[in-house]
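Below, each chain spelled out in residue letters.
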Amino acid sequence: MCNQPREALAVYQELQESGFEANSTTYNALISAYGKMGQLDRVLEVYKDMVWQGLERSVITYSSLISACEKAGRWETALQLFEEMQRDGCTPNTVTYNSLITACGQGAQCEKAQQVFEQMQEQGCTPDVVTYTALISTLERGGQWQLALESFTEMVSRGCRPDAIVYNAIIDTLWQTGVVWAQAKARELYNMAVKQGHFRNERMSPSGNREELNLHALTAGVAMLSLHSWLDDIQ
């Protein structure tokens, strides 16, 4: 139901007209649907009605609420709902924490994102690749490249395999510092990502023997390292 937001709302309206009495599952689906459509005001209206009806709010409810706040760029509201979730005696899971860290990151709240990450671990919730992606991206936006590298190193040491998104974030962060050893580390990570199949140097030969490197799909740092690698190969 929630994978098709507009269809979900249409079905709900039909159920209302037929006298259907909504339950927690229905409200959760509505919150998710409105959240995916970027309609945070409607999300909060549904939530208030759910509370007024005295229906049980689960981790699914609060995770969907916080995710909706993240998509709407409302990190303060996300934190308020997280606090309300805890007062309600509902235990957050990895999905909840991931959305909250991302919301803080989009609001340029590096310190709060780190606090949420630390609390997550204190509560015995294991970070996954999405968690680290959100945290590293947040630190990248805040220019905290050393902390971003520490987080990446911790991620790998815990056996969490980085994906292309993580590599993009950490490589860009390190390359843009202008610090020699940081850029050397960026090159090392780039080569590692290439070996793992995350990046490919796509080359085109539109005419004759002339060869061109396609950098359009790459971020700035990765594109620069791809260019360096390409030039090294043709020398």
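Analysis parameters
In this convention, every chain numbers its residues from 1, walking through the sequence in written order. This being a predicted model, a pLDDT of at least 70 is required before a residue's local features are given, and a value of 80 or more before pairs of side-chain atoms are given or counted; all residues contribute to the totals for chains, interfaces and linings. Just so you know, side-chain values use all the structure's heavy atoms and leave hydrogens and water out. Each helix is a run of DSSP H or I of at least 4 residues and each strand a run of E of at least 2, with the numbering of both proceeding from the N terminus. Burial classes follow relative accessibility: with a 1.4 Å probe on protein chains only, a residue under 20% of its type's maximum area counts as buried, one over 50% as exposed, and anything between as partly exposed. Two residues form a contact once any of their heavy atoms are found within 4.5 Å. Accessibility throughout is a Shrake-Rupley quantity obtained with a 1.4 Å probe, and a residue counts as covered only by protein chains that appear here. Stacked, tilted and edge-to-face are the three classes assigned to paired rings of Phe, Tyr and Trp, where Trp is represented by its six-membered ring and a pair needs centres within 6.5 Å; plane angles under 30 degrees give stacked, over 60 edge-to-face, the rest tilted. Expected helix span is given by 1.5 Å per residue-to-residue step, counting one fewer step than there are residues.

Quick look at the overall build of the chain
Consideration 1: Looking only at helices and strands, one finds 12 helices and 2 strands in the chain.
Consideration 2: Overall, the chain shows an N-to-C arrangement of helices and strands of α-α-α-α-α-α-α-α-α-α-α-β-β-α.
Consideration 3: For the chain, with 235 residues in total, the buried portion stands at 44%.
Consideration 4: Partitioning the contacts of the chain with sequence separation of at least 6, the portion at a separation of at least 24 is 58%.
Consideration 5: On the chain, roughly 12800 Å² of surface is accessible, and the fraction owed to carbon and sulfur atoms is 48%.

Focus: unusual backbone geometry
With glycine set apart, most residues show a phi of negative sign, and most peptide bonds adopt trans.
Consideration 1: A positive phi angle is found at Ala108, which is not glycine, with a value near 60 degrees.
Consideration 2: In this structure Ala108 comes out as exposed when scored by relative accessible area, which is 60%.

Things to note about the side chain of Ser151
Consideration 1: With respect to the helices and strands, the residue Ser151 is situated in helix α9 (residues 145-157).
Consideration 2: Ignoring anything within four residues of it in the chain, the contact list for Ser151 reads Tyr132, Leu135, Ile136 and Leu139.

Overview of the packing of aromatic side chains
Consideration 1: Tallied over the entire structure, the rule returns 5 aromatic pairs.
Consideration 2: When the ring of Tyr47 is compared with that of Tyr62, the centres are 6.0 Å apart and the planes differ by 65 degrees; the resulting orientation is edge-to-face. Placement of the pair is Tyr47 in helix α3 (residues 40-52) and Tyr62 in helix α4 (residues 59-72), with a sequence separation of 15 residues. Tyr62 carries the same exposure label as Tyr47, and that label is buried.

Quick notes on the environment of Trp181
Consideration 1: In this structure, Trp181 sits in helix α11 (residues 180-195).
Consideration 2: By relative accessible area, which is 48% here, Trp181 ends up partly exposed.
Consideration 3: Here Trp181 is in contact with Trp145 and Leu149, once residues within four sequence places are set aside.

Concerning the side chain of Ser64
Consideration 1: Along the polypeptide, Ser64 turns up in helix α4.
Consideration 2: Judged by relative accessible area, which is 15%, Ser64 ranks as buried.
Consideration 3: Here Ser64 is in contact with Ile31 and Ser32, once residues within four sequence places are set aside.

Some thoughts on helix α6 (residues 94-106)
Consideration 1: For α6, which comprises 13 residues, the first-to-last C-alpha distance of 18 Å matches the rise-based estimate of 18 Å (1.5 Å per residue) to within 8%.
Consideration 2: In terms of burial, α6 is a largely internal element, 11 of the 13 residues being buried.
Consideration 3: Within α6, burial applies to Thr94, Thr96, Tyr97, Asn98, Ser99, Leu100, Ile101, Thr102, Ala103, Cys104 and Gly105.
Consideration 4: Downstream of α6 by a residue or two, Ala108 has a phi angle that is positive, lying close to 60 degrees.

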